[in-house]
Amino acid sequence: MDAPPNYADNHAYRMQASLSAAQQASGQASAELILAELAKVRKEGGSGEFGRFSDERVEAALERVGCGEKHGVSVGNGYYAVYTGVVCVSGRVTKDELSGEVHGVYAEPQPGEGPCVENRGGH
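Residues numbered from 1 in each chain as written. Predicted model: local features only at pLDDT ≥ 70, side-chain atom pairs only at ≥ 80, totals over all residues. Heavy atoms only, no water.

1. Looking at the pairing of strand β2 (residues 79–83)
Relative to β2, strand β1 (residues 74–76) runs antiparallel, the two sharing three bridges. When the sheet's bridge partners are listed, G76 is paired in β2 with Y79. The sheet contact formed by β2 and strand β3 (residues 88–92) spans five bridges and is antiparallel. Bridge pairing links A81 to S90 in β3. Joining the antiparallel neighbours β2 and β3 is a turn of four residues, in which G85 adopts a positive phi near 100 degrees. (Pairing = 2+ DSSP bridges. Helix = DSSP H or I, 4+ residues; strand = E, 2+ residues; numbered from the N terminus.)

So, in structure tokens, the structure goes:
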């Protein structure tokens, strides 16, 4: 299937930086720490509407593993994203789901949300 003209140019803002094997390994180690802490939030229960936990609880869990404001933390609606200084770790934490993906920063991230949140708009 052919893409429309200028498709790549018009979607370049969604591009993520490539990761080396060492960066991927570093990110995976960070993801494991983050997921272990977020699993505790799920185990404690108390999810709200749509099985989501409060942003404050998710932020507190991320802070316990050293992820704070300087790490480009973004939390909302069951979603989280953290910049480790090398890679991004992002995923979902809800009553029914716990996920984490290691990836590179976005070429044009969502303004005000740190380098790890895909831009919801365009250019």
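2. Section: the side chain of T94
Position of T94 among the secondary structure elements: in the loop between β3 and β4 (101–103). Residue contacts for T94: discarding those within four places in its chain leaves R42, G51, R52, F53 and G78. (Contact = heavy atoms within 4.5 Å.)

3. Section: the side chain of E37
Here E37 is to be found in helix α2 (residues 21–44). In contact with E37, other than residues within four places in its own chain, are A61, R64 and V65.

4. Side note on the state of the cysteines
Inspection of the entire model under this criterion finds one disulfide. Disulfide pairing is shown between C88 and C116; the S-S distance is 2.0 Å. Between C88 and C116, the disulfide has an S-S torsion of -80 degrees and is therefore left-handed. Of the two residues, C88 sits in strand β3 while C116 sits in the segment after β4, which places them 28 residues apart along the sequence. Taken as a pair, C88 and C116 share a single burial class, namely buried. (Disulfide = S-S within 2.5 Å. Buried < 20%, exposed > 50% of the residue type's maximum accessible area, 1.4 Å probe, protein only.)

5. Side note on the nonpolar core
Judged by nonpolar contacts, the single largest core of 16 residues is most densely connected at I34, L38, V58, L62 and Y80. Sort the elements by how many residues they give to this core and α2 lands first, with four residues. Look past the residues within four positions of L38 in its chain and what remains in contact with it is V58, A61, Y80, V93 and L98. (Core = buried A, V, L, I, M, F, W, Y, C linked by side-chain atoms within 4.5 Å.)

6. Details of the layout of surface pockets
Taken as a whole, the largest pocket encloses approximately 160 Å³ of empty space. Forming the walls of the largest pocket are E59, E63, C67, G68, E69, V73, S74, V75 and E113. Sorting the residues of the lining of the largest pocket by element identifies α3 (55–64) and β1 as the ones contributing at least two each. Split by residue class, the lining of the largest pocket holds three nonpolar, two polar and four charged. (1 Å grid on protein atoms, 1.4 Å probe; cavity = no way out; pocket = protein on both sides within 12 Å on 5 of 7 lines; lining within 4 Å. Points joined across faces, edges and corners; volume = space filled by probe spheres on them. Nonpolar A, V, L, I, M, F, W, Y, C, P; charged D, E, K, R; others polar.)

7. Re α2
Here α2 contains 24 residues, and its C-alpha end-to-end distance of 35 Å stays within 8% of the 34 Å for a straight helix at 1.5 Å per residue. Taken together, the buried positions of α2 are G27, S30, A31, I34, E37, L38 and V41. At its buried positions, α2 is contacted by α3, β2, β3 and β4. Where α2 terminates, the next one or two residues include G45, which has phi positive at roughly 75 degrees. (Expected span 1.5 Å × (residues − 1).)

8. Some words on unusual backbone geometry
A positive phi angle, close to 60 degrees, is found at F50, a residue other than glycine. Mapped onto the elements, F50 comes out in the loop between α2 and α3.

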